[in-house]
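# Descriptive structure summary
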Amino acid sequence: MIEDRLQAELADIASLGLTRRRRVLESPCGRIAAVDGREMLNFASNDYLGLAGNAEIARAMADGALHWGAGSGASHLVSGHLAPHDRLEDEIAAFLGFPRALTFSTGYLANLAIVPTLAGRGAAVFADKLNHASLIDAVQLAKAQGADSQRYPHNDMAALERQLAASSAPTKVIVSDAVFSMDGDLAPLPLLFQLAERYDAWLVIDDAHGFGVLGPHGKGSLAHFNLPFHPRLLLMGTLGKAAGVGGAFVAGSDIAIEYLLQRARSYIFTTAAPAPIACALSKSLNIIKAGDALRANLFARIGQLRDGLAGLRWPLLPSLSAIQPLIVGENEAALALSKALWERGLWAPAIRPPTVPKGTARLRISVSAAHTAADIEHLINALKELA
């Protein structure tokens, strides 16, 4: 049978405890999730500022749909680039202090646009080993085009410098997450920028988990480190996490963004996102700018969680971001702990290989500005009881 090999591989996945299941939510994204007929306290989303269910943003999207319709009708370069798209790009660039920005339907598409477009035949790409899957795939595409690709140990600047120094490629591209999605730690962005300067390399930063959360007014990880715009920088940020809606942007120099617009296949050959999404994102951006109180509550809840779980037999990784990974070890143990929390009304998903290294299965606890002190205390007490 044509499906026999697929069935055998699915059986192998199940035998290793790696089968993934979808849960169907019956409520908007928020601190409380209605799922499987139950109300769960939600520590499973990337809704870091609690904006996914925000009524003002939803109204902006609804009004946008009434005015602009439900679909864009074409790719940006044919006839699908509507006024809300253009306005949003200008607003993002101005907010970040970059000359120009380009918007995408997803962060995955944005990352697939940047690296293969910059790194053609004869170029060299240097990537952190713990980068997100979208960056890994982007590097693979560049490699298929004839670029050399090298991975350096996580946040190891000495190893990266050795690789850069040994490369004679005329075009060098350094690629890193800003906040790493499964460990929650930050890349040493000032050191990465120094190396990019020293070796005349592009520096591509994926700020999916920093935008809206870190830095003054939520401008992100570069602002957190007080790194201003520079022509060698390309900054990608997603708009479905802290921004609470969907999509992504790439910010850079006028020339770099124009080059992506002209050459990036995942921008050119895809239908533009619906204009109502851009309308919602414009509203979200205004809330992020004025969101210091949201960020203050988020970081207070992160501190409360870390203090409350200190000394637990399952260690938290040293993360000061909204991503708080609790290392359990083996797949089945992580699944069992997640299930035990679920039975107590707490949704904290187990993350297993190949998403994380073997033997480091974990609970990925996502903290949100929407969480209350009582919510965090409930999770702390449940984990202490289960330990």
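Conventions used here
- Residues numbered from 1 in each chain as written.
- Predicted model: local features only at pLDDT ≥ 70, side-chain atom pairs only at ≥ 80, totals over all residues.
- Heavy atoms only, no water.
- Buried < 20%, exposed > 50% of the residue type's maximum accessible area, 1.4 Å probe, protein only.
- Helix = DSSP H or I, 4+ residues; strand = E, 2+ residues; numbered from the N terminus.
- Pairing = 2+ DSSP bridges.
- 1 Å grid on protein atoms, 1.4 Å probe; cavity = no way out; pocket = protein on both sides within 12 Å on 5 of 7 lines; lining within 4 Å.
- Points joined across faces, edges and corners; volume = space filled by probe spheres on them.
- Nonpolar A, V, L, I, M, F, W, Y, C, P; charged D, E, K, R; others polar.
- Phe/Tyr/Trp six-rings, centres within 6.5 Å; stacked < 30°, edge-to-face > 60°.
- Lys NZ or Arg CZ within 6 Å of the ring centre and 35° of its normal.

## A closer look at the pairing of strand β9 (residues 248-252)
As a general feature of sheets, a regular strand has side chains that alternate between the two faces. Most of β9 sits inside the fold, with five of its five residues counted as buried. Residues Ala248, Val250 and Gly252 line one face of β9 and the alternating positions Phe249 and Ala251 line the opposite face, and both faces are buried. Of the strand pairs in this sheet, strand β3 (residues 100-104) and β9 are connected by five bridges, and their pairing is antiparallel. Its bridge partner lying in β9, Ala101 is registered against Ala251. Where strand β8 (residues 233-238) meets β9, four bridges bridge the pair, whose relative direction is antiparallel. Bridge pairing in β9 links Leu235 to Ala251.

## A word on empty space enclosed by the protein
Scanning the model with the defined rule gives two cavities of 30 Å³ or more in all. Computed from the structure, the largest cavity encloses a volume of approximately 40 Å³. When the residues that make up the lining of the largest cavity are grouped by side-chain class, the tally is one nonpolar, five polar and two charged. If you add up the space inside the second largest cavity, you get close to 40 Å³. Looking at the second largest cavity, the residues that line it are Leu88, Ile92, Phe211, Leu239, Ala243, Leu281, Ser284, Leu285 and Ile288. Taken together, the elements giving at least two residues each to the lining of the second largest cavity come down to α4 (83-96) and α12 (275-289). Among the elements that take part in the lining of the second largest cavity, α12 stands out by supplying four residues, more than any other. Taken together, the residues that form the lining of the second largest cavity break down as eight nonpolar, one polar and no charged.

## Some points on the packing of aromatic side chains
Counting across every chain of the model gives five aromatic pairs. Taking the centre distance of 5.1 Å and the plane angle of 65° together, the rings of Phe211 and Phe249 count as edge-to-face. Of this pair, Phe211 sits in the loop between β7 (202-206) and α9 (221-224) while Phe249 is found in strand β9, placing the two residues 38 residues apart along the sequence. A relative accessible area of 0% places Phe249 in the buried class. By the ring-pair criterion, three or more aromatic residues cluster together here, those being Phe95, Phe211 and Phe249. The side chain of Arg23 reaches across the aromatic face of Trp342, ending 3.8 Å from its centre.

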